[in-house]
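# Geometric and topological summary
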Amino acid sequence: MGRDEVAVESSFSSQSKKVALALACLVALGACKSAPPVSQPVQFNHAVHVKALQCNFCHQYVQKADFAGIPPVKVCATCHRGKVSGSAEAEKVRAFVKERREIPWQRIYRVPSYVNFSHRRHVLLGGLQCESCHGDLRAASTPQPRPAFAISMDRCMACHDERKVDTDCLTCHH
Ligand code: HEC
Ligand code: HEC
Ligand code: HEC
Ligand code: HEC
Ligand code: HEC
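Just so you know, these numbers come straight off a predicted model, no measurement behind them.

A word on the overall build of the protein chain. Per the secondary structure count, the protein chain includes 10 helices and 0 strands. Evaluated residue by residue, the protein chain yields a buried proportion of 5% over its 174 residues. Long-range pairs, those at least 24 residues apart, make up 63% of the contacts in the protein chain with a sequence separation of at least 6.

See the structure below:
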């Protein structure tokens, strides 16, 4: 258990729950690198939306920036000002839209702050599919409680090796 492990946990988020988790990890000597399952405020359904919409309709920055972006409620408002179905979850979205309140989504994928990662680089320049890192969301009817693949250095390295991309430490660490 070293300084880096603490950095991983503390850069994750400052929310008290996660601080508590970090402390628990310290106590358990780093036994819990994988975060607990996340439960989202609305049971978002990727499957019904990706039939008609591209991923970047909602994740607007995925080809332009390091981050992909979680859609603000104004994106949902395009269709959810009225009742779209009998679903209670869709009604929750309508209420957020009406009250102009952001839906407090929780992120499940995050690299520590000492790691360089860019979506633009991988998706646009590298031509990689989202599935290679996030699994198949086209069939997901509820939010994923945990990452399809945990973000680990081994995983980044394995693909870089396979595709003959730079694996020098300073490629990913500054
Ligand atoms: C282009 C239109 C469109 C946009 C944009 C859109 N939705 Fe929907 N959404 C729909 C339609 C249509 C349905 C009903 C689908 C059905 O019942 O087959 C739906 C259904 C839902 C449901 C119910 C799913 C279920 O399992 O019954 C939820 C929850 C939902 N949307 C959340 C959102 C959220 C959150 C956003 C913004 C991030 C969003 N939608 C953006 C059109 C849209
Ligand atoms: C209608 C908007 C919409 C579309 C289209 C959409 N997403 Fe999402 N996506 C969301 C919302 C809202 C969340 C947060 C709730 C959840 O995790 O389900 C999310 C979460 C995610 C996450 C988890 C991010 C994290 O760290 O928590 C990934 C990965 C993702 N989407 C990938 C995709 C991919 C790949 C596609 C296309 C196949 C796609 N999304 C299409 C709205 C959308
Ligand atoms: C090479 C692996 C890789 C590919 C390919 C990839 N992602 Fe990601 N994704 C990640 C990593 C790593 C993170 C965490 C990044 C961070 O913390 O800055 C992430 C985070 C996200 C998030 C969380 C929110 C945010 O702002 O970053 C969403 C949403 C997401 N990805 C969607 C997508 C979509 C949509 C695609 C395909 C168009 C895609 N990703 C392709 C690895 C990937
Ligand atoms: C599925 C394969 C795959 C995975 C997983 C992957 N990468 Fe990459 N990565 C690539 C490819 C391909 C490129 C080259 C893209 C291009 O052509 O510009 C790349 C390029 C990069 C670059 C730019 C390299 C340079 O020479 O400037 C960085 C930084 C990087 N990746 C970081 C990461 C990190 C951090 C992770 C893990 C969180 C990761 N990658 C996971 C395939 C992958
Ligand atoms: C392709 C991207 C990539 C390259 C190249 C890379 N790393 Fe990492 N590294 C990561 C990611 C992502 C993490 C955070 C996830 C994890 O801890 O596995 C990480 C974490 C670490 C940590 C913290 C580990 C821990 O358990 O807390 C150390 C130390 C580290 N890297 C050292 C190195 C050294 C030394 C090299 C060169 C031999 C290197 N890295 C090359 C992506 C990379």
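Alright, that's what it looks like, and here's the rest.
Taken together, the neighbourhood of ligand 1 is formed by 22 residues, with C76, C79, S85, S87 and E89 sitting nearest. Broken down by secondary-structure element, the contributors of at least two residues to the shell around ligand 1 are helix 3 (46-50), helix 5 (73-80) and helix 6 (88-98). The leading source of residues in the shell around ligand 1 is helix 5, at 5 residues.

Residue R100 is not a glycine yet carries a positive backbone phi of 50 degrees. Its location among the elements puts R100 in the loop between helix 6 and helix 7 (119-125).

Take the site of ligand 4 next. Looking at ligand 4, there are 21 residues lining it, with L125, G126, C156, C159 and D166 nearest. When contributions to the shell around ligand 4 are tallied by element, the ones reaching two or more residues are helix 7, helix 8 (131-134), helix 9 (153-162) and helix 10 (169-172). With 4 residues, the single largest contributor to the shell around ligand 4 is helix 9. When its residues are assigned to classes, the shell around ligand 4 shows 11 nonpolar, 6 polar and 4 charged.

Let's shift gears to the environment of V111. When you line up the elements, V111 lands in the loop between helix 6 and helix 7. C-alpha separation for the pair V111 and I151, spaced 40 residues apart in sequence, amounts to 7.0 Å.

For the rest of this paragraph, the subject is the environment of A139. Among the structural elements, A139 can be located in the loop between helix 8 and helix 9. Each C-alpha atom of the pair A139 and H46 lies 7.1 Å from the other, and the pair is 93 residues apart in sequence.

This part takes up the confidence of the model for the protein chain. Note that predicted coordinates carrying low pLDDT should not be read in detail. Per-residue confidence for the protein chain gives a mean pLDDT of 86, with 80% of residues at or over 70. Across residues 1-32 the pLDDT falls below 50, and counting only partners more than four positions away or on other chains, this stretch makes 20 contacts in the model.

The contact between helix 5 and helix 6 brings their axes to 9 Å, and the two run at 115 degrees. Read as a crossing pair, helix 5 and helix 6 show a hand that is left-handed. Touching V73, C76, A77 and H80 of helix 5 are A90, V93, R94, F96 and V97, all from helix 6.

Time to look at helix 9. Of all 10 residues in helix 9, 0 are buried; the element is thus mostly exposed. Of the residues one or two after helix 9, K164 is the one with positive phi, at around 55 degrees.

Okay, the environment of E91 next. Tracing the sequence through the fold places E91 in helix 6. For E91, a count of 14 C-beta atoms within 10 Å puts it in the partly exposed group. In the structure, E91 is positioned 11 residues away from H80 in sequence and 8.4 Å away in space, judged by C-alpha atoms.

Parameters at a glance
- Residues numbered from 1 in each chain as written.
- Chains lettered and ligands numbered in written order.
- Predicted model: local features only at pLDDT ≥ 70, side-chain atom pairs only at ≥ 80, totals over all residues.
- Helix = DSSP H or I, 4+ residues; strand = E, 2+ residues; numbered from the N terminus.
- Buried ≥ 20, exposed ≤ 12 C-beta atoms within 10 Å, placed from the backbone.
- Contact = placed C-beta atoms within 7 Å.
- Near = placed C-beta within 6 Å.
- Nonpolar A, V, L, I, M, F, W, Y, C, P; charged D, E, K, R; others polar.
- pLDDT = per-residue confidence, 0-100.
- Axes fitted to C-alpha atoms, helices over the stretch in contact; angles between N-to-C directions.
- Left-handed = near helix turned anticlockwise from the far one by under 90°.

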